[in-house]
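Commentary on secondary and tertiary structure
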Amino acid sequence: MEARRGGAGGLSAARPALALLLAALAACGAEPEASAPHAPGEGARAAAGAEGVSVRLFEVGAPAAPQPVRAAGTVRIRRETPLAFWTAGVVARLDPREGDRVARGTLLAALDTRTLDAEVAAAGADLARARAERERMRALLAQGWVPRARVEAAEAAEGVAAAALERARFARRNATIVAPAEGIILARRAEPGQTVAAGEPVLVLGERRSGFVMQVALAPAEAAGLAVGTPVSITFADGVAPAMAGRILEIGGRADPRTGTFRIEVSLPDHPALRSGQLGEVEIPRPAAASARAPLVVPATALFAARAGEGFVWRLDPASGTVRATLVRVGAVTADGVVIEAGLAPGDRIVLTGVDRLTEGARVRVSAGPRA
């Protein structure tokens, strides 16, 4: 009885330990049936092996067509001639007003010639005296009284006096201004009684037969690549004249030293609504060659392993659906992205997102993406 009680007491003492062991075994047996957690990203890589990494692509396109050059211009008669007197003097006559039409050969202006007449008379007297002196020196030379050098000096003085008389007569003949061609008076810059300097314009004549042009000032970048003969569209504000078509007639060979711009002249048709000084706008198409020379630009997120002047992009092989690392030469960084100078061509498709999840030859699953 005591032995049985002792055994029962031992069994009773062992029951708590046994319960703990059974619980531990039960727990160990249940753990293999639960799914073990994966390391971060491991599941995505496992799925990518079968379906490919989901990425967005960027299709490299040809550079966008260049925008046309638009600039304001001023209508001018192509040949606008400033008219001036050859010599200084007082304006005695100035007939035409601005806007007057004049025929070729019309007397337009004249100086007071009293001073010029006096200069002609004085030059004539000087020439007569020089001729008399030359004759006297020749007579003395024949008699042996003077050396030949004295005669030569007298002959030179006669030549100077003759030139002075011709100059005075020329100034007298050109004390008037005659219209060199048929045209319209564009500006009147003097009045009768006004003293003007030699060469100072008193009238500006526009020769209508030379045709109308529009003068436009363009920045060097805008003028680059333009050629004579390029078609141009012209419009006018407020309907002062209808829209017109013209062509580039002339491109300035040097920039204006004050503004740094180049002057472009565009032909205009002979339309009755045109007037010198009207304002308009020209639209000049950019040459296609300028677009062909433009570099490709891709988003900066497409580049990886970039270093000085170089970098890599993942380029899609459409046949296999895999990507290959492609070395590119990079240029400037612009607001639109990074300029690609070499390594890509229009139509190439490169990875835009998920670049850091790819390896050489990785299969990708394409989602929609932008185009250059």
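Fair warning: this is a prediction, and the values are worked out from it, not measured in the lab. (Residues numbered from 1 in each chain as written. Predicted model: local features only at pLDDT ≥ 70, side-chain atom pairs only at ≥ 80, totals over all residues. Heavy atoms only, no water.)

**Quick look at the nonpolar core**
A general tendency of soluble globular proteins is for nonpolar side chains to be buried together. The biggest cluster of nonpolar side chains holds 24 residues, and the ones touching the most others in it are Met214, Leu218, Ile234, Phe236, Leu268, Val282 and Ile284. When residues of this core are traced back to their parent elements, those giving at least two are β2 (69-77), β11 (212-218), β12 (231-236), β13 (244-251), β14 (262-268) and β15 (279-284). Among the nonpolar cores identified, the runner-up in size contains 19 residues, and Leu111, Ile177, Ile185 and Val196 belong to it. (Core = buried A, V, L, I, M, F, W, Y, C linked by side-chain atoms within 4.5 Å. Buried < 20%, exposed > 50% of the residue type's maximum accessible area, 1.4 Å probe, protein only. Helix = DSSP H or I, 4+ residues; strand = E, 2+ residues; numbered from the N terminus.)

**Description of the sheet that holds strand β3 (residues 80-84)**
An order of β3-β10-β8-β5 is seen for the 4 strands of this open sheet, with the pairing classed as antiparallel. Two strands bound the open sheet, and with one partner strand each, they are β3 and β5 (101-102). For β3 and strand β10 (residues 201-206), the ladder comprises 5 bridges, and the chain directions are antiparallel. What sits directly across from leucine 83, in β10, is leucine 203. (Pairing = 2+ DSSP bridges.)

**Considerations on the packing of helix α3 (residues 114-143) against helix α4 (residues 148-173)**
Axes are the key here: two packed helices are described by the angle between their axes and the distance separating the axes. Two numbers describe how α3 lies on α4: the axes approach to 8 Å, and their chain directions differ by 165°. In terms of their interaxial angle, α3 and α4 are classed as roughly antiparallel. Handedness of the α3/α4 crossing: left-handed. Partitioned by chemical class, the residues of the contact of α3 with α4 number 16 nonpolar, 1 polar and 13 charged. (Axes fitted to C-alpha atoms, helices over the stretch in contact; angles between N-to-C directions. Parallel < 35°, antiparallel > 145°, perpendicular 65-115°, else oblique. Left-handed = near helix turned anticlockwise from the far one by under 90°. Nonpolar A, V, L, I, M, F, W, Y, C, P; charged D, E, K, R; others polar.)

**Details of the sheet that holds strand β7 (residues 176-178)**
Read across the sheet, 4 strands follow the order β7-β6-β4-β9 without closing on themselves; strand pairing throughout is antiparallel. In the strand order of this sheet, the two ends are held by β7 and β9 (195-196), each with one partner. Bridge count for strand β6 (residues 107-111) against β7 is 3 bridges, and the pairing is antiparallel. Residue alanine 109 lies in a different strand from β7, and its bridge partner there is isoleucine 177.

**Considering the side chain of glutamate 158**
By the secondary structure assignment, glutamate 158 is in helix α4. Assessed through its relative accessible area of 15%, glutamate 158 is described here as buried. At 2.8 Å, the side chain of glutamate 158 forms a polar contact with the side chain of arginine 134. Excluding anything up to four places from it in sequence, glutamate 158 contacts Leu127, Ala130, Arg131 and Arg134. (Polar contact = N/O pair within 3.5 Å; in protein donor to acceptor, adjacent residues only side chain to side chain. Contact = heavy atoms within 4.5 Å.)

**Things to note about α4**
The terminal C-alpha atoms of α4 lie 38 Å apart, and with 26 residues this matches the ideal 38 Å at 1.5 Å per residue to within 8%. Within α4 the residues assigned to the buried category are Val151, Ala154, Glu158, Ala161, Leu165, Ala168 and Ala171. (Expected span 1.5 Å × (residues − 1).)

**Brief notes about the pairing of strand β4 (residues 89-94)**
Relative to β9, β4 runs antiparallel, the two sharing 2 bridges. Bridge pairing in β9 links glycine 89 to valine 196. Where β4 meets β6, 3 bridges bridge the pair, whose relative direction is antiparallel. The residue bridging valine 91 from the neighbouring strand is leucine 111, located in β6.

**So, the environment of leucine 127**
Checked against the element boundaries, leucine 127 lands in helix α3. On the basis of relative accessible area, leucine 127 is assigned to the buried category, the value being 7%. Put simply, leucine 127 and glutamate 158 are 31 residues apart on the chain and 6.2 Å apart in space, counted from C-alpha to C-alpha. Not counting residues within four places of it along the chain, the set of residues in contact with leucine 127 comprises Glu158, Ala161, Ala162 and Leu165.

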